[in-house]
Amino acid sequence: MKKGNRVLLASQSPRRRELLKLLFADFGICVTNADETLPAGAPPGDAVREIALRKARAAVREHSDALVIAADTVVSIDRMILGKPRGAADAAQMLRRLSGRTHQVYTGVALCRGGHEESFFVKTDVAFAPLDECEIAWYLATDEPFDKAGAYGIQGYGARFITGIAGDYFNVMGLPVNAIYERLGEICR
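Described below are features of the structure shown in this document.

Reading the values: rules and limits
- Residues numbered from 1 in each chain as written.
- Predicted model: local features only at pLDDT ≥ 70, side-chain atom pairs only at ≥ 80, totals over all residues.
- Heavy atoms only, no water.
- Core = buried A, V, L, I, M, F, W, Y, C linked by side-chain atoms within 4.5 Å.
- Buried < 20%, exposed > 50% of the residue type's maximum accessible area, 1.4 Å probe, protein only.
- Contact = heavy atoms within 4.5 Å.
- Helix = DSSP H or I, 4+ residues; strand = E, 2+ residues; numbered from the N terminus.
- Arc of directions from axis to C-beta.
- Polar contact = N/O pair within 3.5 Å; in protein donor to acceptor, adjacent residues only side chain to side chain.
- Salt bridge = Lys/Arg side-chain N within 4 Å of Asp/Glu carboxyl O.
- Patch = residues over 30% accessible without salt bridge, like charges linked within 9 Å, V, L, I, M, F, W, Y side chains within 5 Å.
- Areas by Shrake-Rupley, 256 points an atom, 1.4 Å probe, with all protein chains shown as cover.
- Phe/Tyr/Trp six-rings, centres within 6.5 Å; stacked < 30°, edge-to-face > 60°.
- Lys NZ or Arg CZ within 6 Å of the ring centre and 35° of its normal.

Core analysis: the biggest nonpolar cluster contains 42 residues, and Phe24, Ile69, Leu95, Tyr152 and Ile180 have the highest contact counts within it. With sequence-adjacent residues up to four places away left out, tyrosine 152 is seen in contact with Val75, Leu95, Leu98, His103, Val105, Val126, Phe128, Tyr139, Pro145, Ile162 and Val172. Residues Ala56, Ala66, Val68 and Ala110 belong to the second largest nonpolar core, which totals 13 residues.

For the rest of this paragraph, the subject is helix α4 (residues 133-141). Turning to α4, its buried residues are Ile136, Tyr139 and Leu140. Looking down the long axis of α4, one finds its buried residues gathered within 100 degrees of arc, a one-sided arrangement. Seen from the buried face of α4, the exposed residues on the opposite side, beyond 90 degrees, are Cys134 and Ala141. Of the surrounding elements, those touching the buried residues of α4 are α3 (88-98). The backbone nitrogen of cysteine 134 has a side-chain oxygen 3.1 Å away, supplied by the residue at the start of α4, namely aspartate 132. Following α4 by one or two positions, aspartate 143 adopts a phi angle in the positive range, close to 70 degrees.

Within the structure shown, the criterion is met by 14 salt bridges. The closest approach of N and O atoms between arginine 54 and aspartate 35, which form a salt bridge, is 3.7 Å. Note that arginine 54 is positioned in helix α2 (residues 44-62) and aspartate 35 in the loop between β2 (28-29) and α2, a separation of 19 residues in sequence. For arginine 54, a relative accessible area of 22% gives the class partly exposed. Given a relative accessible area of 43%, aspartate 35 falls into the partly exposed group. Through salt bridges with shared partners, one network takes in Arg15, Asp147 and Lys148.

In this section: a nonpolar patch on the surface. A cluster of nonpolar side chains, contributed by Leu22, Ile165, Tyr169 and Phe170, occupies part of the molecular surface with about 340 Å² of accessible area. Examined against the element boundaries, tyrosine 169 turns out to sit in helix α5 (residues 169-173). Since its relative accessible area comes to 32%, tyrosine 169 is described here as partly exposed.

Evaluation of the coordinates by the stated rule reveals 7 aromatic pairs. Ring geometry for tryptophan 138 versus tyrosine 157: centroids 5.6 Å apart, planes at 80 degrees, classification edge-to-face. Here tryptophan 138 is found in helix α4, whereas its partner tyrosine 157 is found in the loop between α4 and β7 (162-166), with 19 residues between them in sequence. Taking the relative accessible area as the measure of exposure, tryptophan 138 reaches 34% and is therefore partly exposed. Of the aromatic side chains, those joined through ring pairs into one cluster are Phe128, Trp138, Tyr139, Tyr152, Tyr157 and Phe161. The ring of phenylalanine 120 carries the charged tip of arginine 183 above its face, separated from the ring centre by 3.9 Å.

Here's what the structure looks like:
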C-alpha cells in the first residue's frame with residue numbers, strides 16, 4: 001500500500017483486530033449496521049462472502065477514501081450453517097453436532113477501495129474430538145462459546161477439542177491472513 005492510504009476494519013471482533021495487525025501496523029475500526037442475515041438457501045461460502053460485502057459497502061459509503069476490509073465467519077456441518085449460538089442450549093447442541101466429526105469453517109472477506117471491490121471466501125476443515133456431556137458443560141461454563149460461530153474458539157479453551165485442521169488456521173479465527181495479503185496487491189495498485 002502507498003503511504004498515506006487509510007485502512008479500516010469493518011468489524012468489532014477483537015480476534016480480527018489482532019490478526020489484521022499482522023498485515024497493517026496502523027488501521028482504524030468502522031462498525032457498520034449492515035444486514036448480517038444469511039441469504040436464504042445460499043451455500044456457506046457464498047453466504048459469508050455476501051455478508052462481508054454488505055459490511056464493506058456500508059463502511060465505504062461513509063469512508064470512500066479508505067481501503068475497507070470486512071469479514072464474516074460461519075461453521076458448516078451436514079449442510080447446516082452454524083453461526084453464533086443464541087444461548088447455552090443452542091451452544092450445547094452445536095458442540096454435540098461437532099463432537100467426533102470434521103466440519104468446515106468458512107470466512108468471507110471483502111476488500112473495497114474507491115470503486116473497486118474484491119470478495120472471496122476461504123474454507124478450512126476442522127476435526128473435533130468426541131465430547132462427553134461433562135466436557136460440554138465445562139466448556140459452556142467458560143463463556144467462550146457464546147460469541148463464536150459454531151460455539152467454539154480454536155484460539156482459546158476450545159483448542160483442547162481440535163484433533164486436526166486442513167487449511168488456514170487464521171481462517172478459523174475469523175480472518176484468512178494469507179488470502180488477504182495475496183489479494184491486497186490487486187486492489188492497492
